[in-house]
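# What the coordinates show
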2 protein chains.
Amino acid sequence: MKKLAILGSTGSIGKQTLEVIENFPKEFQATYLSANNNIDLLKQQIQKFRPKAVVILDEQCAKSLTKEFGGTTKILSGEQALQEIVQQDDVDIVVSSLVGFAGLKPTIKAIEAKKKIALANKETLVVAGEIMIPLAEKHNIELLPVDSEHSAIFQCLVGELPNKIEKIILTASGGPFRNHSLKELETVTIADALNHPNWKMGNKITIDSATLMNKGLEVIEAHWLFGVRAEKIDVVVHPQSIIHSMVEFVDGSIKAQLGAPDMKIPIQYALTYPSRAQAQWPRVNFSKLKEMTFFEPDTKRFPCLELAYSALRSGGTIPAVMNAANEIAVANFLTGKITFNDIPRIIRNVMEQHSSEKQPTLDAIFDADTWARRKALEYI
Amino acid sequence: MKKLAILGSTGSIGKQTLEVIENFPKEFQATYLSANNNIDLLKQQIQKFRPKAVVILDEQCAKSLTKEFGGTTKILSGEQALQEIVQQDDVDIVVSSLVGFAGLKPTIKAIEAKKKIALANKETLVVAGEIMIPLAEKHNIELLPVDSEHSAIFQCLVGELPNKIEKIILTASGGPFRNHSLKELETVTIADALNHPNWKMGNKITIDSATLMNKGLEVIEAHWLFGVRAEKIDVVVHPQSIIHSMVEFVDGSIKAQLGAPDMKIPIQYALTYPSRAQAQWPRVNFSKLKEMTFFEPDTKRFPCLELAYSALRSGGTIPAVMNAANEIAVANFLTGKITFNDIPRIIRNVMEQHSSEKQPTLDAIFDADTWARRKALEYI
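Residues numbered from 1 in each chain as written. Chains lettered and ligands numbered in written order. Predicted model: local features only at pLDDT ≥ 70, side-chain atom pairs only at ≥ 80, totals over all residues. Heavy atoms only, no water.

### Digging into the overall build of chain A
Looking only at helices and strands, one finds 17 helices and twelve strands in chain A. For 380 residues, the compact-globule estimate of 2.2 N^0.38 gives 21 Å, and the C-alpha radius of gyration of chain A, at 20 Å, lies within 12% of that figure. By principal-axis analysis of the C-alpha atoms, chain A measures approximately 55 × 50 × 40 Å. A buried classification covers 62% of the 380 residues belonging to chain A. Partitioning the intrachain contacts of chain A with sequence separation of at least 6 by distance along the chain shows that 68% fall at a separation of at least 24. Split by element, the accessible area of chain A, about 14900 Å² in all, is 49% carbon and sulfur. One way to put it: in chain A the 43 positive side-chain charges average out to a point 4 Å from where the 44 negative ones average out. (Helix = DSSP H or I, 4+ residues; strand = E, 2+ residues; numbered from the N terminus. Rg over C-alpha atoms; globule rule 2.2 N^0.38 Å. Buried < 20%, exposed > 50% of the residue type's maximum accessible area, 1.4 Å probe, protein only. Contact = heavy atoms within 4.5 Å. Areas by Shrake-Rupley, 256 points an atom, 1.4 Å probe, with all protein chains shown as cover. Lys, Arg positive; Asp, Glu negative; His and termini not counted. Charge placed at Lys NZ, Arg CZ, Asp CG, Glu CD.)

Structure, rendered in structure tokens:
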């Protein structure tokens with residue numbers, strides 16, 4: 001029986017992780033859950049999964065939960081509590097599925113406590129890969145990617161010898177605006193941007209998919225997870241989202257992982273790795289699928305992708321700055337304060353103002369994050 | 001330095017194996033070559049690769065070669081000599097690339113001598129998988145597939161735990177007659193049939209590709225190599241031949257191996273396995289490729305595929321009978337004696353007349369082969 005702490009259990013990845021483990025009641029148990037403020041869903045999850053403890057960030061919510069469940073489930077609140085639950089003895093795997101920069105500290109604590117990490121929070125590696133990877137190596141912890149693209153690459157690499165990668169080919173759906181002109185992009189609505197053609201995901205990542213910043217973050221994540229330089233990471237637009245990503249090896253052979261666009265497949269793989277378990281998730285039928293198509297990404301219309309490559313090449317605190325500016329820009333797009341094309345403008349502006357610090361400490365990264373959020377807000 | 005015996009060095013796979021090892025003069029050496037009767041090419045190969053010995057089946061050719069090279073290279077002739085060279089101490093890998101049933105005996109001898117086998121001769125497993133697989137297991141020999149489809153599956157399975165395959169998905173180009181009606185197939189010429197859209201291969205396998213018998217043989221080969229039952233092996237037509245085959249696992253995740261349609265990639269993989277080596281073989285450019293398409297195979301127009309599935313389900317000596325009838329039919333199509341649609345008719349007729357023997361000995365397989373060749377010729 002593997003015991004799970006699921007950080008962000010009411011988010012898209014958290015909910016699907018619980019769906020996965022429902023199928024394997026003898027193999028997995030959710031001992032800890034955490035949520036931001038979605039108290040109704042968290043209540044349902046407590047009733048169904050009977051965790052030992054839950055963390056809810058909002059204190060008022062915590063009080064209300066304590067009244068209802070205090071007798072059987074420990075109710076904690078605050079960020080500090082997140083860092084505590086991941087270190088508990090009755091945790092084997094930490095599912096790190098908080099949104100954005102918030103995932104960083106609890107993931108560090110989980111690695112230090114030598115827990116297996118199912119990593120859905122890509123921002124952790126984007127902003128602090130330079131610290132996280134040596135930390136994971138030091139504690140001999142394998143970071144198991146949950147992102148479908150990185151799970152695909154990870155699956156393609158099992159059983160392969162090191163240093164045989166010629167190129168990583170990340171696939172991108174192209175998002176809902178794949179065929180929009182730059183001018184059309186200026187007037188897209190929030191609802192349009194949230195209407196992803198293939199994947200049902202949280203709001204932040206759905207907007208990131210529409211701007212291609214999501215792919216940019218994934219380029220940086222792939223760099224850290226697989227030790228491959230920026231110039232060896234390609235992005236190809238593949239609107240059907242059936243090939244989740246590929247690895248080209250030095251001999252010209254390419255391996256790809258494919259599947260229905262359903263996050264439960266990579267989530268389950270991270271939990272069962274190195275094995276696999278029988279499950280009835282949606283299947284691909286190739287004769288019905290008929291075709292898979294491929295295009296080059298257009299960085300004129302989607303400059304976020306190029307911004308991410310440039311952040312990766314520069315290194316230091318620049319990726320953290322880019323990520324923070326993006327988080328602020330996306331939040332403000334979602335509340336209607338800025339247009340879609342303002343998102344890359346704001347990020348570029350903040351990045352250009354930043355003096356990057358090389359080989360930053362964690363504190364320097366936190367400072368850069370804070371600075372970039374303020375700058376982005378000033379610009380807006 | 002790995003030392004190679006290449007059986008069939010003047011054939012398509014043999015020539016390409018020599019092309020591969022030319023790139024790695026410090027890693028590979030061709031110590032033994034063999035040819036049927038292509039003496040001119042064999043002479044060039046002797047001059048270039050300086051093997052220790054060569055086997056040429058034709059005795060007259062052997063005499064002529066001895067005159068020219070007898071001082072430096074040992075010249076042997078006859079089938080028995082093939083079985084001797086594969087057992088020599090200065091052989092690490094036997095590249096089994098003879099055409100058809102002839103590959104069986106030398107491959108058995110090579111396994112018994114505990115040599116690594118790079119297996120390009122699919123007929124070996126088709127007719128005698130029931131004997132070959134336990135033999136390879138007994139001698140603890142891994143059969144390294146050279147066929148692009150089986151190499152693809154083999155590559156998808158490295159690092160995966162056993163018994164996690166839900167389905168093998170063999171891709172088929174569909175051959176030159178993919179869009180021909182049954183009536184149009186009646187009048188196709190030899191030249192049409194030899195004009196494969198993607199792969200440059202020997203004549204026998206090119207005709208087998210046009211009838212889809214090649215895919216049928218591959219279904220049987222996959223069954224034996226990977227221990228998967230007939231109903232778990234699907235065939236999907238993929239005209240671009242970029243995905244060389246796929247494995248669907250029990251969790252719904254699919255892995256595929258892709259590459260330019262160039263046999264040197266799977267040949268090299270078989271030689272370097274479990275590692276890979278840098279090489280400049282043609283690469284796939286996905287943005288240029290633009291699309292990959294998929295169709296169900298049509299067993300009405302291409303009955304050979306269904307005949308092979310039925311032979312696999314029946315087992316015993318039936319696959320050997322099917323293979324022998326196919327070899328005779330293809331040879332007679334290539335000399336203009338029968339039409340394209342006669343090929344499946346002859347095979348079906350011979351299969352229907354055969355009383356299959358369960359768990360056959362090698363002798364029973366040889367008898368079935370001889371019987372089927374005679375029956376096929378009678379029918380013609």
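### Topic: the sheet that holds strand β10 (residues 243–249) of chain A
Spatially, the eight strands line up as an open sheet ordered β9(A)-β8(A)-β10(A)-β11(A)-β11(B)-β10(B)-β8(B)-β9(B), and their pairing is mixed. Edge positions in the sheet fall to β9 (233–237) of chain A together with β9 (233–237) of chain B, since each of these pairs with one other strand and no more. Here the strands of the sheet are splayed against their neighbours by 20° on average, with no regard to which way each runs. Bridge count between strand β8 (residues 165–172) of chain A and β10(A): five bridges; the pairing is antiparallel. (Pairing = 2+ DSSP bridges. Axes fitted to C-alpha atoms, helices over the stretch in contact; angles between N-to-C directions.)

### Here we look at the interface of chain A and chain B
Contact with chain A, which involves 45 residues of that partner, is made by 45 residues of chain B. Of the roughly 3900 Å² buried between chain A and chain B on both sides combined, carbon and sulfur atoms contribute 53%. For the chain A face of the interface with chain B, the top three residues by lost area are D251(A), R276(A) and F286(A), together amounting to 19%. Across the chain A-chain B interface, the total number found is eight salt bridges. Across the pair R283(A) and E166(B) runs a salt bridge whose closest N-O atoms are separated by 2.8 Å. Counting across the chain A and chain B interface gives 28 residue pairs in polar contact (both at pLDDT 80 or more). Elements supplying a minimum of two residues to the side of chain A that touches chain B: α7 (148–157), β8, β10, β11 (254–258), α12 (264–272), α13 (286–289) and β12 (291–293) of chain A. Of the residues forming the side of chain A that touches chain B, the biggest block, five residues, is contributed by β11(A). Residues belonging to the side of chain A that touches chain B are distributed by class as follows: 23 nonpolar, eleven polar and eleven charged. (Buried area = accessible area lost by both parts, 1.4 Å probe. Salt bridge = Lys/Arg side-chain N within 4 Å of Asp/Glu carboxyl O. Polar contact = N/O pair within 3.5 Å; in protein donor to acceptor, adjacent residues only side chain to side chain. Nonpolar A, V, L, I, M, F, W, Y, C, P; charged D, E, K, R; others polar.)

### Some details on unusual backbone geometry
Y273(A) connects to P274(A) through a cis peptide bond whose omega is 5°. Backbone geometry at K114(B) places phi at a positive 60°, although glycine is not the residue there. Here K114(B) shows up in the loop between α5 (104–112) and β6 (116–119). K114(B) gets classed as exposed once you look at its relative accessible area, which sits at 51%. Its identity as a non-glycine residue notwithstanding, L212(B) has a phi of 70°, on the positive side. Within the fold, L212(B) resides in the loop between α10 (203–211) and α11 (213–226).

### Observations concerning the relation of the copies chain A and chain B
Rotating chain A by 180° about the axis while translating it 0.0 Å along that axis superimposes it on chain B, leaving an RMSD of 0.0 Å. On this basis, the relationship between the two copies can be described by a two-fold rotation axis. Measuring from the rotation axis to each C-alpha of chain A, the shortest distance belongs to G159(A), at 1.8 Å. Here 100% of the contact residues of chain A are again contact residues in chain B; the copies associate through an equivalent surface. (Least-squares fit on C-alpha atoms with pLDDT ≥ 70 in both.)

### A look at the sheet that holds strand β5 (residues 93–96) of chain A
Residue and element names in this part refer to chain A. Pairing is parallel in the open sheet, where seven strands are placed in the order β4-β3-β2-β1-β5-β6-β7. Sheet topology places β4 (74–77) and β7 (143–145) at the edges, where each strand pairs with a single neighbour. Mean inter-strand twist for the sheet, computed between neighbouring axes without regard to direction, equals 25°. Across four bridges, the pairing between strand β3 (residues 53–56) and β4 is parallel. Residue pairing in the sheet places V54 in a bridge with I75 of β4. Strands β2 (28–35), β3 and β4 of the sheet are contacted by helix α2 (residues 39–49), whose axis makes an angle of about 175° with β3.

### A short note on helix α12 (residues 264–272) of chain B
Most of α12(B) is tucked away: nine of the nine residues are buried. Within α12(B), the full set of buried residues consists of K264(B), I265(B), P266(B), I267(B), Q268(B), Y269(B), A270(B), L271(B) and T272(B).

### Topic: the pattern of salt bridges
All names here are of chain A. Evaluated as defined, the whole model comprises 56 salt bridges over all chains. In this structure, the salt-bridge partner of R345 is E186, at a minimum N-O distance of 2.9 Å. Of this pair, R345 sits in helix α16 (residues 342–353) while E186 sits in helix α8 (residues 182–186); the two residues are 159 residues apart in sequence, bridging distant segments of the chain. Owing to a relative accessible area of 38%, R345 belongs among the partly exposed residues under this scheme. With its nearest N and O atoms 3.8 Å apart, the salt bridge here joins E306 to R313. In this structure E306 comes out as partly exposed when scored by relative accessible area, which is 35%. A cluster of three or more residues bridged by salt bridges with shared partners is formed by K122, D147, E149, K215 and E218.

### Quick word on the packing of helix α1 (residues 12–22) of chain A against α2(A)
Residues and elements named next belong to chain A. It is the contact of α1 with α2, at a shortest axis distance of 13 Å, that shows an interaxial angle of 15°. Classified by the angle between their axes, α1 and α2 sit roughly parallel to one another. Seen along the crossing, α1 lies across α2 with a hand that is left-handed. Each of K15, L18, I21 and E22 in α1 lies in contact with α2, whose residues at this interface are L41, Q45, K48 and F49. The class makeup of the residues in the contact of α1 with α2 is four nonpolar, one polar and three charged. (Parallel < 35°, antiparallel > 145°, perpendicular 65-115°, else oblique. Left-handed = near helix turned anticlockwise from the far one by under 90°.)

### Topic: helix α3 (residues 59–69) of chain B
Residues and elements named next belong to chain B. Within α3, the full set of buried residues consists of C61, A62, L65 and F69. The buried residues of α3 occupy an angular sector of 100° when projected down its axis, which confines them to one face. Of the exposed residues in α3, those oriented more than 90 degrees away from the buried face are E59, Q60, K63 and K67. Where α3 starts, the residue carrying a side-chain oxygen 2.9 Å from the main-chain nitrogen of Q60 turns out to be D58. (Arc of directions from axis to C-beta.)

### Structural notes on the pairing of β2(A)
Residues and elements named next belong to chain A. Summarising burial for β2: seven of the eight residues are buried, a large majority. As paired elements, strand β1 (residues 2–7) and β2 share six bridges and run parallel to each other. By the bridge assignment, L7 is partnered in β2 with S34. The handedness of the β1 to β2 crossover, carried by α1, is right-handed. This β-α-β element, β2 to α2 to β3, shows right-handed connectivity. (Right-handed = clockwise from strand over helix to strand, strands pointing away.)

### Some points on the domain arrangement of chain A
Residues and elements named next belong to chain A. Each assigned domain of chain A is listed here: domain 1 (2–145), domain 2 (151–313) and domain 3 (315–380). For domain 1 versus domain 3, the separation of C-alpha centres amounts to 26 Å. Taken residue by residue, the interface counts eleven residues in domain 1 and 14 residues in domain 3. Broken down residue by residue, the surface that domain 1 buries against domain 3 is led by F101, V127 and E130, which jointly contribute 51%. Linking domain 1 with domain 3 are zero salt bridges. Of all the secondary-structure elements, those providing two or more residues to the side of domain 1 that touches domain 3 are α5 (104–112) and α6 (122–138). With six residues, the single largest contributor to the side of domain 1 that touches domain 3 is α6. Across the side of domain 1 that touches domain 3, the residue classes tally to seven nonpolar, one polar and three charged. (Domains from an automatic or database assignment.)

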